[in-house]
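Structural description and commentary
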Amino acid sequence: MSTLAVVEKSQDQLKQIGREDAALTDHFRPKLKVNYDLTRALVSFQANKTVAGYRWFKFKEGFSSTLVNYVFDRLRISSGKVIDPFTGSGATLFSASGRGLDALGIELLPVGCEIIRARKAALQHPDRVISTLRNWVGQKPWQTSNGRQVPFQHLRITEGAFPQKTERRLKSYVGALSDVRDTASASVLRLALLSILEEISYTRKDGQYLRWDDRSGRRQGTKLFNKGLIRDFDIAILDKLVHILDDLDSPPDLFGNASRLKLSGQVEVACGSCLEELPKLPTNSFSVLMTSPPYCNRYDYTRTYALELALLGIHEAGIRQLRQQMLSCTVENREKGGLADLVGVQNFERGKQIFNEQVLLSAICHHLDYLRDEHQLNNSGIARMVRNYFWEMTLVILECARVLQPGAPFIMVNDNVRYAGIPIPVDLILSRIAECAGFEVETIWVLPKGKGNSSQQMGEHGREELRKCVYVWRAPTRTQAKQQVPLLGHQR
Ligand SMILES: C[S@@+](CC[C@H](N)C(=O)[O-])C[C@H]1O[C@@H](n2cnc3c(N)ncnc32)[C@H](O)[C@@H]1O
């Protein structure tokens, strides 16, 4: 095809995307509300940085406990059972528990599961954990020269990540850890180690991959990178152990009330994919869902958490398997097989029907396929990633509709994205899928400041900002679940 013909065809497709986008935006306009209470800090991990318990592991992709409390207060949620199908480090679970609600999380990444288990163990057995941690801070058993060393089983992409002295200390720490008999204490000591790996290494988590400091001797591309201070092992681990001790053992307040962190409601975590775990849960068994799935932004959790996964004993094959099981959000994700077996043929067929009705999504995917075939996409896996992201989310949403009680709030934090210059309104597309699955879209809170709208970007690319939102949906009643929703846009 001539260049002119390619441009014309592409422009026709963009016009159609524009029309469908306008129809969907019109449909949800009354629900889109800028919420000035919501800041970027609140909707990210930032606000957790100084909060007891949450600061033990900096899970950068998390949201804050303050956000969970804000949402629960605003929606007047004070009882019931909570679920988070993409639970990460468990902000939803521990915040709900702090309010006396029982909570179940599902998480695929072993790092998230480990953080939750360790925190739960610490809160269930604080006295044992405090005593062991005090001992370790006093005795520093990893410094004993005759202590056992346990090798760090590197992955290809973590080889050489630590200065030699640091790696020796790390091996001694794991050696000393293998002598700790109390499982709660061992779990917390391992969490302390997990949480300092990045700061004692030559690497920095950078979304799609690990970035390497030049001092490591590994060069990535042509740009020089210096991450700043690489912390000494002893200083970093002692700081961390003292932080945890401070949080577990804080003195009573001025009225003499114990201010210890505690679990009020039960916290449980199912380690696995929510596409496998949700179907195992009974129908109508939860009264609140608050979550944040991976964004459709190519972020690769298995690469950025490679150091932590290696420490947890996950090897190359395990990493590949994890990446493929993750909700499709990287260009390497392939189609997932066997989904009909997991969610059942009925939900699978219903999902297919709902997915196929998404006219804006279909126009976007069609265009991305076309750009890929014309070699106009900077990565040929983008089209597949976008399609599968929404397809898998359709199945997740249908399963959530099943496990939630009628009218239960479903709260989701997510970002819109842009590929090949096309903004993809993830908020509107997912909300429309939810509507087709019988949910009522109560509101879509838009953060006052989105992404990609710095004055520099606006000037350079004339780009619109990408919305960052918190969606509030209500789970369907039995009749809503079966009803057909009116068609939109060119479907009419
Ligand atoms: C944005 S993070 C959630 C952060 C969480 N709200 C917190 O505050 O810690 C998304 C999480 O979804 C997990 N995830 C990705 N695919 C999954 C799947 N198929 N099943 C369950 N969890 C998955 C990722 O490992 C990641 O921890």
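Rules used in this analysis
Residues numbered from 1 in each chain as written. Predicted model: local features only at pLDDT ≥ 70, side-chain atom pairs only at ≥ 80, totals over all residues. Heavy atoms only, no water. Core = buried A, V, L, I, M, F, W, Y, C linked by side-chain atoms within 4.5 Å. Buried < 20%, exposed > 50% of the residue type's maximum accessible area, 1.4 Å probe, protein only. Helix = DSSP H or I, 4+ residues; strand = E, 2+ residues; numbered from the N terminus. Domains from an automatic or database assignment. Contact = heavy atoms within 4.5 Å. Buried area = accessible area lost by both parts, 1.4 Å probe. Salt bridge = Lys/Arg side-chain N within 4 Å of Asp/Glu carboxyl O.

**A look at the nonpolar core**
In this structure, Phe 72, Leu 170 and Tyr 173 are the most contacted members of the largest nonpolar core, which totals 91 residues. Ranked by the residues each element gives to this core, the list is headed by helix H7 (residues 183–196), at nine residues. Formed jointly, this core draws a minimum of three residues from each of two domains, domain 1 (3–109 + 271–491) and domain 2 (122–248). Leaving out residues up to four positions away in the same chain, Phe 72 has contacts with Ile 77, Val 82, Ala 96, Arg 99, Leu 101, Val 288 and Met 290. Leu 371, Ile 424, Ile 429 and Phe 439 belong to the second largest nonpolar core, which has 71 residues in total.

**Comments concerning the domain arrangement of the protein chain**
Taken as a whole, the protein chain is organised into domain 1 (3–109 + 271–491) and domain 2 (122–248). Relative to domain 2, the C-alpha centre of domain 1 lies at a distance of 32 Å. Contact residues are listed per partner, giving 24 residues for domain 1 and 33 residues for domain 2. Both faces combined, the contact of domain 1 with domain 2 buries some 2,500 Å², and carbon together with sulfur accounts for 67% of it. Interface area lost by domain 1 to domain 2 is led by Trp 56, Leu 307 and Leu 311, which between them contribute 34%. At the boundary of domain 1 and domain 2, one finds three salt bridges. In this structure, Asp 247 engages Arg 55 in a salt bridge whose closest nitrogen and oxygen atoms are separated by 2.7 Å. Of all the secondary-structure elements, those providing two or more residues to the side of domain 1 that touches domain 2 are helix H10 (301–304), helix H11 (306–311) and helix H12 (316–325). With five residues, H11 is the single largest residue contributor to the side of domain 1 that touches domain 2.

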